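Single-letter residue listing:
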Amino acid sequence: MSTLFEEVRPSVGDQGPDDAVPVRRLELTVNGERRAADVEPRLLLAHLLRNGFRLTGTHTGCDTTNCGACTVLYDGVPVKSCTMFAVQADGHEILTVEGLATASELHPIQEGFKDEHGLQCGFCTPGMMLSAKALLEENPNPTEDEIRWALSGNLCRCTGYQNIVKAVMWAAEKLGGGAADSDEAGEEG
């Protein structure tokens with residue numbers, strides 16, 4: 001049985017029976033498609049997605065959950081896949097940035113990032129988009145402050161975040177929720 005990362009293991013002739021690395025079969029739904037893999041229990045979800053399933057939109061930047069570049073949606077909830085074991089996703093649904101668009105059109109969040117110039121180098125963008133998607137699913141009419149809070153687990157080194165926030169507000173409007181004005185949100189009537 002082949003597994004991911006078997007190239008880092010000693011060759012079969014170098015292994016004794018006690019040196020075999022255990023594997024576990026897992027089944028999960030990734031971007032709407034049922035997938036199965038035989039993985040070592042120590043394999044991280046980010047590595048399964050990138051190296052096993054070739055979904056390279058999930059980036060790994062810090063390996064400590066600080067930057068958020070590896071953010072994916074786990075049953076609709078943003079998680080940092082660089083510190084989550086792949087076996088924890090067994091039986092669950094994962095959405096990566098590749099799952100946002102259809103074959104013929106971009107998701108409104110992707111359109112917003114394009115039209116509002118919400119990206120520069122693009123490294124943080126997939127994680128930002130998925131965090132934004134989770135926010136807009138829960139709150140289709142967020143204030144600017146709510147958008148900033150929802151994206152606070154995602155770091156960007158290129159921008160001042162303003163265009164990213166504008167991109168999420170654009171997407172909220174396109175999705176029919178519209179983004180609430182931050183001044184109105186602070187007023188009590």
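Everything below is about the structure printed above this text.
What counts and how
- Each chain has its residues counted from 1, running along the sequence as written.
- Predicted model: local features are reported for residues with pLDDT of at least 70 only, side-chain atom pairs are reported and counted for 80 or more only, and whole-chain, interface and lining totals are derived from all residues.
- As a convention, hydrogens and water are excluded, and side-chain values are obtained from all of the structure's heavy atoms.
- With a 1 Å grid laid over protein atoms only, a set of points is called a cavity when a 1.4 Å probe fits there but cannot get out and a pocket when it is open yet has protein on both sides within 12 Å along at least five of seven lines; lining residues have an atom within 4 Å of a point.
- Grid points are joined across faces, edges and corners, and a volume is the space filled by probe spheres set on the points.
- Residues are grouped as follows: nonpolar covers Ala, Val, Leu, Ile, Met, Phe, Trp, Tyr, Cys and Pro; charged covers Asp, Glu, Lys and Arg; every other residue, Gly included, is treated as polar.
- Under the pairing criterion, centres of Phe, Tyr and Trp rings, with the six-membered ring standing for Trp, must be within 6.5 Å; the plane angle then separates stacked pairs below 30 degrees from edge-to-face pairs above 60, leaving the rest tilted.
- Look at NZ for Lys and CZ for Arg. If either is within 6 Å of the ring centre and within 35 degrees of the ring normal, a charge sits over the ring.
- Only runs of H or I of at least four residues qualify as helices and only runs of E of at least two qualify as strands under DSSP, and these elements are numbered from the N terminus.
- Type-normalised accessible area, obtained with a 1.4 Å probe on protein chains alone, sets the label of each residue: buried when under 20%, exposed when over 50%, and partly exposed for intermediate values.
- Among buried residues, those of type Ala, Val, Leu, Ile, Met, Phe, Trp, Tyr and Cys that are joined through side-chain atoms within 4.5 Å constitute a nonpolar core.
- Axis lines are fitted through C-alpha atoms, for helices just across the contact stretch, and the angle between N-to-C directions can take any value from 0 to 180 degrees.
- Orientation categories follow fixed angle ranges, with anything under 35 degrees roughly parallel, anything over 145 roughly antiparallel, 65 to 115 roughly perpendicular, and all other angles oblique.
- Each crossing is labelled by how the near helix is turned from the far one, with a counterclockwise turn of less than a right angle marking it left-handed and a clockwise turn marking it right-handed.
- Residue contacts follow a heavy-atom distance rule, with two residues in contact if any of their heavy atoms lie within 4.5 Å.

(A) Representation of empty space enclosed by the protein. One pass over the full model with this rule turns up 1 cavity of 30 Å³ or more. Residues belonging to the lining of the largest cavity are distributed by class as follows: 7 nonpolar, 5 polar and no charged.

(B) Region of the structure containing the layout of surface pockets. Quantified by volume, the largest pocket comes out at close to 210 Å³. Taken together, Gly61, Cys62, Asn66, Cys67, Ala69, Cys121, Phe123, Cys124, Leu155, Cys156, Arg157 and Cys158 form the lining of the largest pocket. Grouping the constituent residues of the lining of the largest pocket by class yields 9 nonpolar, 2 polar and 1 charged.

(C) Broad picture of the packing of aromatic side chains. Applying the stated criterion across every chain yields a total of 0 aromatic pairs. Sitting above the plane of the phenylalanine 53 ring, arginine 35 keeps its charged end 4.1 Å from the centroid.

(D) Structural context of the environment of glycine 99. Its location among the elements puts glycine 99 in the loop between strand S5 (93-95) and helix H2 (108-115). For glycine 99, a relative accessible area of 27% gives the class partly exposed. Residues glycine 99 and glycine 32, spaced 67 residues apart in sequence, show a C-alpha to C-alpha distance of 7.6 Å.

(E) Local environment of the nonpolar core. By size, the foremost hydrophobic cluster in this structure holds 23 residues, and its most contacted members are Ile109, Phe113, Met128, Leu151 and Val168. By size, the runner-up hydrophobic cluster in this structure holds 19 residues, among which are Leu28, Leu45, Leu55 and Met84.

(F) Region of interest: the packing of H2 against helix H3 (residues 125-138). The contact between H2 and H3 brings their axes to 10 Å, and the two run at 125°. In this view, H2 runs oblique relative to H3, as classed from their interaxial angle. For the pair H2 and H3, the sense of crossing is right-handed. Between H2 and H3, the residues in contact are Ile109, Gln110 and Phe113 and Thr125, Met128, Met129, Ala132, Lys133 and Leu136, respectively.

Read these as spatial facts, not as claims about activity.
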